[in-house]
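This is what each chain is made of:
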Amino acid sequence: MAKKTVTMAIAYDFDGTLAPGNMQEYDFVPKVGMTTKDFWNETSAETVKHNADRILIYMKQMLDKAQAARVSVRREDFVNYGKSVQLFAGVTDWFRRINEYGKTKNVSVEHYIISSGIKEMIEGTPIADEFKAVYASSFVYDHNGVAVWPALAVNYTTKTQFLFRINKGVFNVYDDHKVNEYLPQDERPVPFENMIFVGDGETDIPCFRLVKEQGGHSIAVYPPKKKGAKTKTDKLISEGRVNFACIADYSAGTDIENAVKAVIDKVSADSALKHLGKIP
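What counts and how
Residues numbered from 1 in each chain as written. Predicted model: local features only at pLDDT ≥ 70, side-chain atom pairs only at ≥ 80, totals over all residues. Heavy atoms only, no water. Helix = DSSP H or I, 4+ residues; strand = E, 2+ residues; numbered from the N terminus. Buried < 20%, exposed > 50% of the residue type's maximum accessible area, 1.4 Å probe, protein only. Areas by Shrake-Rupley, 256 points an atom, 1.4 Å probe, with all protein chains shown as cover. Contact = heavy atoms within 4.5 Å. Expected span 1.5 Å × (residues − 1). Core = buried A, V, L, I, M, F, W, Y, C linked by side-chain atoms within 4.5 Å.

S.K.: How do you make sense of the overall build of the chain when you look at a structure like this?
M.R.: From N to C terminus, the chain includes 10 helices and 7 strands. Summarising its shape, the C-alpha atoms of the chain cover approximately 65 × 45 × 35 Å along the three principal directions. By the burial criterion, 46% of the 280 residues in the chain qualify as buried. Here the chain displays about 14200 Å² of accessible surface, and carbon together with sulfur accounts for 51% of that area.

And the structure:
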């Protein structure tokens, strides 16, 4: 009898997780004539001034600064900005390697992005087609194709809703009815125990905790050679918020690849045990 294929999901933050720094810093911020430090300092000041959500404020800052500098902010402009984003070592062929390993274990691996960054920029990166869905902050565009308003702002707590969307197979952001409907655990397309969340910092903590506490696995990554970065992720381990802490190097044979492969092995074994003795 053929072995049953089981579905597994890996959800990733983007900035600081798959790519160093913030995506806005590569092309957009210099284009509007600002330094990275000044852009984020102004964003922080406006957030405090208006007691506002940081993600909404940085998105407003992007539009305000672009208008002042006469910089185009059509959808295709953001996609083009994304083309300059650098990725951590090994990321470009990571998905192929993980998918191929999953197949050897009868595990179908799906990849997702859950990010506070700009969706349109992520779509400009060379890995955009690797994801079943990209959940990230995005804009509404007017009749001229110009960004005028946030369509979606993904902050540290709203990130968790997308884990439930993956869990229940409800992918459209506008569908706030079906995602809240009751669905028995054994009917959910991707159980939390078949899920991995990969992130890098404080804004990922709610997702880290949710996935881990629901029986899945959370991985905190830290950039190579960045002072103090490992200390932060080790703290997440000691506080019980994540299962693993690894350098953000996705090359073959690295710690994160070994950790993910081990989880794939576990998902495969758990699925086989679950189906033992069941009548075909």
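S.K.: Would you mind showing me how to read helix 7 (residues 159–168) here?
M.R.: Within helix 7, 8 of the 10 residues are buried, which leaves it mostly tucked inside the rest of the structure. Within helix 7, burial applies to Lys-159, Thr-160, Phe-162, Leu-163, Arg-165, Ile-166, Asn-167 and Lys-168. In the core, the buried residues of helix 7 are packed alongside strand 1 (6–12), strand 2 (107–118), strand 3 (133–141), strand 4 (147–152), strand 5 (195–199) and helix 8 (205–213). One or two positions beyond helix 7, positive phi appears at Gly-169, with a value near 75 degrees.

S.K.: Teacher, can you tell me more about the environment of Val-91 here?
M.R.: Inspection of the secondary structure puts Val-91 in helix 5 (residues 91–104). The exposure class of Val-91 is buried, given its relative accessible area of 1%. Counting along the chain gives 41 residues from Val-91 to His-50, while the straight-line C-alpha distance between them is 38 Å. Sequence-distant contacts of Val-91, that is, excluding residues within four places in its chain, are made with Leu-18, Ile-127 and Tyr-250.

S.K.: Help me understand helix 5 in this model?
M.R.: Helical periodicity: at 3.6 residues per turn, an α-helix aligns residues three or four positions apart in one direction. Taking 1.5 Å per residue, 14 residues should reach 20 Å; helix 5 reaches 21 Å between its end C-alpha atoms and fits that length. Taken together, the buried positions of helix 5 are Val-91, Trp-94, Phe-95, Arg-97, Ile-98, Tyr-101 and Gly-102. Tucked into the core, helix 5 has its buried residues touching strand 1, strand 2 and helix 10 (255–275). Of the residues trailing helix 5, Asn-106 is marked for its positive phi of about 60 degrees.

S.K.: Would you explain the nonpolar core in this entry?
M.R.: Soluble globular proteins: nonpolar side chains tend toward being buried together. Counting residues in each nonpolar core, the largest one holds 56 residues, and the members touching the most others are Phe-14, Phe-28 and Tyr-250. Leaving out residues up to four positions away in the same chain, Phe-28 has contacts with Met-62, Ala-66, Val-73, Phe-78, Tyr-81 and Met-121. Counting residues in hydrophobic clusters, the runner-up holds 23 residues, among them Val-154, Val-190, Ile-205 and Leu-210.

S.K.: Explanation requested: the side chain of Glu-110 in the structure shown.
M.R.: Locating Glu-110 in the fold gives a position in strand 2. In this structure Glu-110 touches Thr-7, Met-8, Ala-9, Ile-10, Lys-132 and Val-190, once residues within four positions along its chain are discounted.

These values are about where atoms sit, not about what they do.
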